[in-house]
Amino acid sequence: TNNYYVSRQPGTLTITQATPEEELAATSYNDVYDAQAHGISVSGTVTGDVVYYSFVGGEEATDWTTTAPTRTDVQTEEKVYVKAENPNYVTRYAEASITITPKAVTVKADDKSKVYGENDPTLTATVTGTLNEDPIAYTLSRESGEEVGTYTITPSGEATQGNYSVTYETGTLTITQATPEEELAAT
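Bear in mind the structure is a predicted one, so any value in this text is a computation, not a measurement.

Draft legend 1. Seen up close, the side chain of N163. Mapped onto the elements, N163 comes out in the loop between β12 (160–161) and β13 (164–169). What makes N163 buried here is its relative accessible area of 11%. A polar contact is formed between the side chain of N163 and the side chain of D73, at a distance of 3.0 Å. Setting aside its immediate chain neighbours within four residues, N163 contacts Y33, D73, V74, P102 and K103.

So this is what it looks like as structure tokens:
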């Protein structure tokens, strides 16, 4: 049928960014100090996503980095913002936090003894709960007195030291009876 002149005009197929079926999600980390590096975990990414992290500003942040942040030392709920960019999908956002709480440590004064009239032994304590041989600062003192009996040995120091929450437990100094140098003689 020659009654029509057919002209062809090119059209445009526009493919727009899709929204993935699964949402981007970030899971917080919250646990006790263990001398290891920890961070948040991210799920809901799709092939081709580039995941970015920031500590400030949420969606408006300008300091995005592809390096997933981790923390080792005690941290009070540090917010981490996450975005996933992909040329085929809309940019998605999530947030989570990293919280590392102090590890419990105990400083227990060691029990000691001496004989009446002798000098005090060196006061010592046993520290339990630290990692990597981390030092805990403390002092030791004892209840005053030199008579036969028991006296409290008290450790003291800061309750929070670095990555640790420190508890102090007392010990006992026992002073026992001495044997006189001269024997008792009856006449």
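Draft legend 2. Up close: the environment of R142. By the secondary structure assignment, R142 is in strand β10 (residues 139–142). For R142, a relative accessible area of 17% gives the class buried. Contacts of R142, omitting those with residues within four sequence positions, involve K114, D120, L123, Y151, T152, I153 and L173. Here D120 takes part through its side chain, which lies 2.5 Å from a polar atom of the side chain of R142.

Draft legend 3. Just the nonpolar core, in detail. Formed by 20 residues in total, the largest nonpolar core has its most connected members in A26, I40, Y53, V80, V82, I136 and Y164. Broken down by secondary-structure element, the contributors of at least two residues to this core are β4 (50–54), β5 (75–86), β6 (89–101), β7 (103–109) and β13. Non-local contacts of Y164, meaning those with residues more than four positions away in its chain, are made with Y33, P102, K103, V105, G129, T130, L131, D134, I136 and A159. Membership of the second largest hydrophobic core comes to 5 residues, among which are A109, Y151, I153 and I175.

Reading the values: rules and limits
- Numbers given for residues are sequential positions, taken from 1 along each chain in its written order.
- It should be noted that, the model being predicted, local features are given only for residues of pLDDT at least 70 and side-chain atom pairs only at 80 or more, the latter also being counted only at that level, while totals for whole chains, interfaces and linings use all residues.
- Hydrogens and water are ignored here; the side-chain numbers use all heavy atoms of the structure.
- Secondary structure follows DSSP: runs of H or I at least 4 residues long count as helices, runs of E at least 2 residues long count as strands, and numbering of each begins at the N terminus.
- In this scheme, a residue with accessible area under 20% of its type's maximum is buried, one over 50% is exposed, and one in between is partly exposed, where area comes from a 1.4 Å probe on protein chains only.
- Think of a polar contact as two N or O atoms within 3.5 Å of one another; within protein, one of them needs to be a possible hydrogen donor and the other a possible acceptor, and neighboring residues in sequence only count if both atoms come from side chains.
- Contact between two residues is taken to exist if any of their heavy atoms lie within 4.5 Å; hydrogens are not considered.
- The definition of a nonpolar core used throughout is a set of buried Ala, Val, Leu, Ile, Met, Phe, Trp, Tyr and Cys residues joined through side-chain atoms within 4.5 Å.

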